[in-house]
Amino acid sequence: MPLQVITVPCLSDNYAFILHETESGQTAVVDVPEAKPILAALADLGWSLDHILITHHHDDHIMGLEEVRAATGASVHGGAPDAYRIPPLDTQLSDGDTFQLGGETCRVIDVSGHTLGHIAFIFDEALAAFTADSLMAWGCGRVFEGTMDMQWATMQKFQDLPRAMTIYSGHEYTTSNGKFAMTIEPDNESYQKRMAETEEARAKGEPTVPSNLGLELATNPFLRANHPKLKAAIGMEDATDADVFAEIRTRKDNF
Ligand code: ZN
Ligand code: FE
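The structure reproduced in this document is the subject of the present report. Nothing here was measured: the structure is a model prediction, and the numbers come from that model.

For the zinc ion (ligand 1), every protein donor is listed as His-56 (NE2), His-58 (ND1), His-114 (NE2) and Asp-133 (OD), and the spread of their distances is 2.2 to 2.3 Å. Taken together, the 4 donor atoms surrounding the zinc ion (ligand 1) define angles of 85 to 172 degrees at the centre, an arrangement classified as irregular. Counting along the primary sequence, the residues that act as donors to the zinc ion (ligand 1) give the motif H-x1-H-x55-H-x18-D. Between the zinc ion (ligand 1) and the iron ion (ligand 2), a spacing of 3.1 Å is present, and a bridge between the two is formed by Asp-133. Residue His-58 is located in the loop between strand S4 (51-53) and helix H2 (59-62), and its partner Asp-133 is located in the loop between strand S10 (128-132) and strand S11 (135-136); the two are separated by 75 residues in the primary sequence. Both residues of the pair, His-58 and Asp-133, belong to the buried class.

Let's shift gears to the coordination of the iron ion (ligand 2). Coordination sphere of the iron ion (ligand 2), protein contribution only: Asp-60 (OD), His-61 (NE2), Asp-133 (OD) and His-171 (NE2), at 2.1 to 2.4 Å. Positions of the donor residues of the iron ion (ligand 2), expressed as sequence spacing, correspond to D-H-x71-D-x37-H. Taking the relative accessible area as the measure of exposure, His-61 reaches 0% and is therefore buried. For His-171, a relative accessible area of 3% puts it in the buried group.

The next thing to look at is the side chain of Thr-154. Its place among the elements puts Thr-154 in helix H4 (residues 148-159). The class for Thr-154 is buried, based on a relative accessible area of 3%. Leaving out residues up to four positions away in the same chain, Thr-154 has contacts with Asp-110, Val-111, Ser-112 and Ser-134.

Along strand S5 (residues 75-79), 5 of the 5 residues are buried, which leaves the element largely enclosed by surrounding structure. Alignment of S4 against S5, held across 3 bridges, turns out to be parallel. Looking at S5, one finds that Ile-52 is bridged to Val-76. Pairing analysis gives 3 bridges linking S5 to strand S6 (residues 91-93), with the strands arranged parallel. Paired with His-77 across the strands is Thr-91, a residue of S6.

Turning our attention to unusual backbone geometry. Here the amide bond leading from Val-209 into Pro-210 is cis, since omega sits at 0 degrees, within 30 degrees of zero. Mapped onto the elements of the fold, Pro-210 is located in the loop between helix H6 (189-203) and strand S14 (211-212). For Leu-11, which is not a glycine, the phi torsion comes out positive at approximately 45 degrees. In this fold, Leu-11 is placed in the loop between strand S1 (3-10) and strand S2 (14-21). Classification of Leu-11 by relative accessible area gives partly exposed; the value is 39%. For Trp-138, which is not glycine, the phi torsion reads 65 degrees and is therefore positive. Its relative accessible area of 0% is what places Trp-138 among the buried residues.

Under the counting rule described, the total for this entry stands at 1 cavity of 30 Å³ or more. Here the largest cavity is characterised by a volume of approximately 40 Å³. Around the largest cavity sit Tyr-15, Phe-17, Val-30, Asp-31, Thr-55, Phe-130, Thr-131, Ala-132, Tyr-168, Ser-169 and Gly-170, which together line it. Among the secondary structure elements, those contributing two or more residues to the lining of the largest cavity are S2, S10 and strand S13 (166-169). Of all the elements, S10 adds the most residues to the lining of the largest cavity, at 3 residues. Tallied by class, residues from the lining of the largest cavity come to 6 nonpolar, 4 polar and 1 charged.

All chains considered together, the criterion is met by 0 disulfides. With no disulfide of its own, Cys-10 lies 19 Å from the sulfur of Cys-106, the closest cysteine sulfur. Here Cys-10 falls in the buried class, since its relative accessible area comes to 1%.

Its boundaries defined by the atoms lining it, the largest pocket holds a volume of some 220 Å³. Along the walls of the largest pocket sit 15 residues, with Met-136, Cys-140, Gly-141, Arg-142 and Tyr-173 positioned nearest its centre. Elements supplying a minimum of two residues to the lining of the largest pocket: helix H5 (174-184) and helix H9 (241-253). Of the residues assigned to the lining of the largest pocket, the class counts are 4 nonpolar, 6 polar and 5 charged.

Rules used throughout
Residues numbered from 1 in each chain as written. Chains lettered and ligands numbered in written order. Predicted model: local features only at pLDDT ≥ 70, side-chain atom pairs only at ≥ 80, totals over all residues. Heavy atoms only, no water. Donors = N, O, S within 2.8 Å, 3.2 Å for Na, K, Ca; no water. Tetrahedral: all angles 85-135°; square planar, octahedral: opposite > 155°, others 65-115°. Helix = DSSP H or I, 4+ residues; strand = E, 2+ residues; numbered from the N terminus. Buried < 20%, exposed > 50% of the residue type's maximum accessible area, 1.4 Å probe, protein only. Contact = heavy atoms within 4.5 Å. Pairing = 2+ DSSP bridges. 1 Å grid on protein atoms, 1.4 Å probe; cavity = no way out; pocket = protein on both sides within 12 Å on 5 of 7 lines; lining within 4 Å. Points joined across faces, edges and corners; volume = space filled by probe spheres on them. Nonpolar A, V, L, I, M, F, W, Y, C, P; charged D, E, K, R; others polar. Disulfide = S-S within 2.5 Å.

All quantities given are derived from atomic positions and should not be read as evidence of function.
What follows is the structure, given as structure tokens:
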């Protein structure tokens, strides 16, 4: 496998991911919630960090940035719309941009909604998507800066990715996301199975991130707002997909 990904738990419930392209030895980290665990993981692995990739401006994704940059000399890449509000970027990325991590091509997509200018990093060949707070395991981020329509457009971008895509999201929120999801489609057996698996993993102290798109399409109500079964389950058979999404997101805000 030419792209190796290491999950690094940070702070109380954040994840950073260290990416290593095995042929070139190029190494990157996606998000920097805190420096210590990331630097410790790099030392353990014996990898030197070349690139820091930032998904969005929230503190819990960038707090370790200056320390990791100073310790490693890595170059920093983030979304152009965030450039004014995060530490200095070496490269400003926009929707549709691509760059190489050794032999692996990464595609940048705009996934605004949670914030304006949130980006996700998609490795099409390696089937890896780094989605932070846009698409989360069994959930999606709260819509702070964008509009509900914008976040629904983002969810549709994820629907179009291959089902086998691994989804590396930014937080361990899966248990609480699942408890909410169960209120939307309580009779859905895929939800029940995922809840049992989630509880088992958490009881053992194991992360539930990453997940994969196939599982999210089957169980994540925010990705299923266009699904007739979900619409029927909440009595919104005749509503538009975007209105159903907005209703689910609003219910989650008040959950
Ligand atoms: Zn965030
Ligand atoms: Fe976050």
